[in-house]
Amino acid sequence: MSAMDITIHSSLLPQDDPEAAVAFYRDTLGFEVRLDVEYGGLHWITVGPPGQPDTAIVLYPPQATPGITQEERRAITEMMAKGTYASIVLATEDLDGTFERLQASDADVVQEPIDQDYGVRDCAFRDPAGNMVRIQDLH
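Residues numbered from 1 in each chain as written. Predicted model: local features only at pLDDT ≥ 70, side-chain atom pairs only at ≥ 80, totals over all residues. Heavy atoms only, no water.

1. Overview of the overall build of the protein chain
Here is step 1: Counting its regular elements, the protein chain contains three helices and eight strands.
Here is step 2: Of the regular secondary structure in the protein chain, the N- to C-terminal order runs β-α-β-β-β-α-β-α-β-β-β.
Here is step 3: By its C-alpha atoms, the protein chain is 45 × 40 × 30 Å across when sized along the principal axes.
Here is step 4: In the protein chain, the proportion of contacts linking residues at least 24 apart, taken out of those at least 6 apart, comes to 46%.
Here is step 5: Carbon and sulfur atoms make up 52% of the accessible area of the protein chain, which totals about 8500 Å².
Here is step 6: In the protein chain, 9 positive and 24 negative side-chain charges are present, and the distance between their average locations comes to 5 Å. (Helix = DSSP H or I, 4+ residues; strand = E, 2+ residues; numbered from the N terminus. Contact = heavy atoms within 4.5 Å. Areas by Shrake-Rupley, 256 points an atom, 1.4 Å probe, with all protein chains shown as cover. Lys, Arg positive; Asp, Glu negative; His and termini not counted. Charge placed at Lys NZ, Arg CZ, Asp CG, Glu CD.)

Given below as structure tokens:
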């Protein structure tokens with residue numbers, strides 16, 4: 001198998017409130033919910049952008065990670081609350097329009113659209129679980 005045979009199927013982001021996660025990724029970002037697996041009262045929710053069936057994000061309950069200790073659970077919960085545990089970078093053709101839609105939805109704005117020194121124009125939000133969601137302009 002060569003590297004050309006490997007694709008990115010899904011990325012994982014932690015979530016601690018399934019309803020809030022769905023509201024943000026489906027209702028605010030416009031992603032489709034492809035799967036919601038409930039097990040033992042916990043939810044693994046697969047979302048993705050319409051028209052991109054091969055790319056997905058799995059919103060998962062980090063406390064269910066096999067082998068995790070109570071101390072690790074506590075650390076993850078604290079990091080999620082601070083917004084330092086997980087992040088994702090998305091991209092759009094219409095950064096300003098996307099920013100305005102997110103801002104109007106009461107999403108937690110971290111950074112308005114700006115031109116970064118490293119050559120991209122982007123903005124940043126936090127999702128309901130505290131994950132950093134950066135959105136960069138495709139232009």
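2. Focus: unusual backbone geometry
Here is step 1: The backbone of D106 sits at a positive phi, close to 70°, despite the residue not being glycine.
Here is step 2: Along the chain, D106 falls in the loop between α3 (95–104) and β6 (108–115).
Here is step 3: Owing to a relative accessible area of 71%, D106 belongs among the exposed residues under this scheme. (Buried < 20%, exposed > 50% of the residue type's maximum accessible area, 1.4 Å probe, protein only.)

3. A look at helix α1 (residues 18–28)
Here is step 1: Among the residues of α1, A21, V22, F24, Y25 and T28 are the ones counted as buried.
Here is step 2: G30 occupies a position one or two residues after α1 and carries a positive phi of about 85°.

4. Some remarks on the environment of T92
Here is step 1: Looking at the secondary structure, you find T92 in strand β5 (residues 87–92).
Here is step 2: In this structure the C-alpha to C-alpha distance between T92 and R74, which are 18 residues apart in sequence, comes to 35 Å.
Here is step 3: Every residue in contact with T92, bar those within four places of it in the chain, is listed here: T98, I135, Q136, D137 and L138.

Keep in mind these values describe shape, not function.
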